[in-house]
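Residue-level structure breakdown
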Amino acid sequence: MTATPDSPSRPEPTRSLTTTMPVVTMIGGGQLARMTHQAAIALGQTLRVLAADTDEPAAQVSPDVVLGSHNDLDALRRAATGAHALTFDHEGVPTEHLEVLQREGVAVLPPPQALIHAQDKIVMRKRLGELGAPMPKFAEITSVDDIVTAREHLGWPFVLKAARGGYDGRGVWIVEDADELAGIVADQLGRDVPLLAEEKVEWRRELSAMVARSPFGQGASWPVVETVQRDGQCSVVIAPAPDLPVDVSAAAEQLALRIAGELGVVGVMAVELFETRTGELIVNELAMRPHNSGHWGMDGARTGQFEQHLRAVLDYPLGDTTPLAPVTVMANVLGAPEAPAMSMDERLHHLFARMPDVHVHLYGKGERKDRKIGHVNVLGDPSGSLDDAAYVAAVRERAERAAHWLAHAQWTDGWNEHTGEKR
Ligand code: ADP
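Rules used in this analysis
- Residues numbered from 1 in each chain as written.
- Predicted model: local features only at pLDDT ≥ 70, side-chain atom pairs only at ≥ 80, totals over all residues.
- Heavy atoms only, no water.
- Helix = DSSP H or I, 4+ residues; strand = E, 2+ residues; numbered from the N terminus.
- Rg over C-alpha atoms; globule rule 2.2 N^0.38 Å.
- Buried < 20%, exposed > 50% of the residue type's maximum accessible area, 1.4 Å probe, protein only.
- Contact = heavy atoms within 4.5 Å.
- Lys, Arg positive; Asp, Glu negative; His and termini not counted.
- Charge placed at Lys NZ, Arg CZ, Asp CG, Glu CD.
- Near = heavy atom within 4 Å.
- Polar contact = N/O pair within 3.5 Å; in protein donor to acceptor, adjacent residues only side chain to side chain.
- Areas by Shrake-Rupley, 256 points an atom, 1.4 Å probe, with all protein chains shown as cover.
- Nonpolar A, V, L, I, M, F, W, Y, C, P; charged D, E, K, R; others polar.
- Pairing = 2+ DSSP bridges.
- Axes fitted to C-alpha atoms, helices over the stretch in contact; angles between N-to-C directions.
- Arc of directions from axis to C-beta.
- Salt bridge = Lys/Arg side-chain N within 4 Å of Asp/Glu carboxyl O.
- Phe/Tyr/Trp six-rings, centres within 6.5 Å; stacked < 30°, edge-to-face > 60°.
- Lys NZ or Arg CZ within 6 Å of the ring centre and 35° of its normal.
- Parallel < 35°, antiparallel > 145°, perpendicular 65-115°, else oblique.
- Left-handed = near helix turned anticlockwise from the far one by under 90°.

**A few points about the overall build of the protein chain**
- Scanning the protein chain for helices and strands turns up 13 helices and 17 strands.
- By the compact-globule yardstick of 22 Å for 423 residues, the protein chain fits well, its C-alpha radius of gyration being 23 Å.
- The principal-axis extents of the C-alpha atoms in the protein chain amount to approximately 90 × 65 × 45 Å.
- A burial count over the protein chain gives 53% of its 423 residues as buried.
- Here the contacts in the protein chain between residues at least 6 apart in sequence split such that 62% fall between residues at least 24 apart.
- The positive charge centre, built from 39 side chains, and the negative charge centre, built from 58, are 2 Å apart in the protein chain.

**Some points on the site of the ligand**
- Near the ligand, the surroundings consist of 19 residues, among which Lys121, Lys161, Gly169, Glu206 and Glu285 are the closest.
- Within the backbone of Glu199, an N or O atom sits 3.0 Å from a nitrogen atom of the ligand.
- Relative to its free-state accessible area of 550 Å², the ligand is covered by the protein chains to the extent of 90%.
- For the shell around the ligand, the elements supplying multiple residues, two or more each, are β6 (159–162), β9 (203–213), β13 (267–276) and β14 (281–287).
- A breakdown of the residues in the shell around the ligand according to their chemical character gives six nonpolar, three polar and ten charged.

**A closer look at the sheet that holds strand β8 (residues 195–198)**
- The strand order β5-β8-β6-β7 describes an open sheet built from four strands, whose pairing is antiparallel. The sheet is open, and its two borders are formed by β5 (138–141) and β7 (172–174), each paired with just one other strand. Strand-to-strand, the axes of this sheet are offset by a mean angle of 25 degrees, without reference to chain direction.
- Here β6 runs beside β8; their pairing, made up of four bridges, is antiparallel. Bridge pairing in β8 links Lys161 to Leu196.

**Topic: helix α12 (residues 344–354)**
- Within the sequence span of α12, burial applies to Met344, Arg347, Leu348, His350 and Leu351. Down the axis of α12, the buried set is contained in an arc of 165 degrees. They therefore lie on one face. Among the exposed residues of α12, those pointing more than 90 degrees away from its buried face are Asp345, His349 and Ala353.

**Digging into the pattern of salt bridges**
- According to the stated counting rule, one finds 26 salt bridges in the structure shown.
- Across the salt bridge formed by Arg277 and Glu202, the nearest N and O atoms sit 3.7 Å from each other. Separated by 75 residues along the polypeptide, Arg277 in the loop between β13 and β14 and Glu202 in the loop between β8 and β9 bring together distant segments of the chain.
- Taking the relative accessible area as the measure of exposure, Arg277 reaches 59% and is therefore exposed.
- With a shortest N-O distance of 2.9 Å, Arg347 and Glu367 are connected by a salt bridge. Of this pair, Arg347 sits in helix α12 while Glu367 sits in the loop between β16 (359–362) and β17 (372–379), and the two are 20 residues apart along the sequence.
- Accessibility expressed as a relative area gives 1% for Arg347, which makes it buried.
- Three or more residues joined by partner-sharing salt bridges are found here, namely Arg204, Arg205, Glu226 and Glu275.

**Here we look at the packing of aromatic side chains**
- Tallied over the entire structure, the rule returns three aromatic pairs.
- Considering the side-chain rings of Trp156 and Phe158, the 5.5 Å spacing of their centres and the 80 degrees angle between planes classify their relative orientation as edge-to-face.
- Take Trp156: its relative accessible area is 30%, and that puts it in the partly exposed class.
- Looking at Phe158, the relative accessible area reads 1%, which means it is buried.
- Here the basic side chain of Arg151 rests over the ring of Trp156, its NZ or CZ set 4.1 Å away from the ring centre.
- Over the face of the ring belonging to Trp411 we find Arg354, whose NZ or CZ atom lies 4.6 Å from the ring centre.

**Quick notes on the packing of helix α4 (residues 95–103) against helix α5 (residues 112–119)**
- Contact geometry of α4 with α5 gives a least axis separation of 10 Å together with a crossing angle of 165 degrees. The angle between α4 and α5 places the two elements in the roughly antiparallel class. The element α4 and its partner α5 pack so that their crossing is right-handed. Every residue of α5 that contacts α4 at Thr95, Leu98, Glu99 and Gln102 is listed here: Pro112, Gln113, Leu115, Ile116 and Gln119.
- Residues belonging to the contact of α4 with α5 are distributed by class as follows: four nonpolar, four polar and one charged.

Shown next, in the form of structure tokens:
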């Protein structure tokens, strides 16, 4: 068609791009799904989420929400209809439902045969043992009497764990009093919670090796990071982990990639590790989904975990994982005991006024004590070095100060946000 001043050309109608782009369904509407949705937008997609409620973090932002429970096969089926891949923001989906979906032709990624190793710590320990991965000694606890055998085999005190359903340290007990321990075991077994006992590792710090794997078999790994927990919950991540010998770090990345390959993982996976006082690395557990230890990469790596997860489940070539700064520190915004009177909006104003370089990620969640309501990422200055402890400590201090401010509306160094002076 030719255009004249009187008849302006109209573009030919085209098919909407969004209808030709793949649909990924994520089971669970939490912050991990919300941030995966954010990455999906950049790839020209929207993430479909199966959420229990419309105010869940991902349900607030996705235009494609299926309401229902992850325990309900019909809800899972509805969420899977027409999707190119079905994946997870948490590991709690019954594998028997996922196997049904697989048989019906749904691309469940990671497949339930892999996911089970992130759901059940006994299955994980047995399988990783077969693969020769370094692990604490462990024993299944099926009766109170098993405590005595475990005590002889593992030493004392040992760590008691719920094999399934625990998270953020809930479901982990380190109890020195034998009677108290017997009470916990009887109580948990009475509720049909499978238990295992593990040797208590004398660790120096906790680390995480995060990798991605695609169905094609491509693998990618980020540098190993240090994770700091507060009351069993991740509070800070330092990426890369300082003071980690290059060969140890490379071996951890290789181990994580090997585990992903052997178990048939598709998507991202975190291998949580203990570094012992003598410098050995020991596997704690696996997470087969985006993980708190990978949040730093949203701003601190060329490709972050959320985009990488989408690339992996869609079998796209994986992204470059190179860090963008000598160190990036992630600090979780953990709800204060009482929500501050100052609104989050005003807290953000003051934070940006003081620290214009801080990257903020808020999850749209209500404030509650210790609840993960967001995180911040702070990238170190490019001129610094990971080997410089004072530089790393300063970046960490800024990240923790920013996160604490957002949660508590209090500056940890007594800064007065109105006068710009220390109180
Ligand atoms: P969850 O699944 O709830 O995250 P984890 O198995 O990761 O539980 O354990 C939570 C925390 O308990 C770990 O981060 C670590 O600090 C501690 N822990 C777990 N297992 C051991 C162990 N075998 N030895 C020493 N500490 C442990």
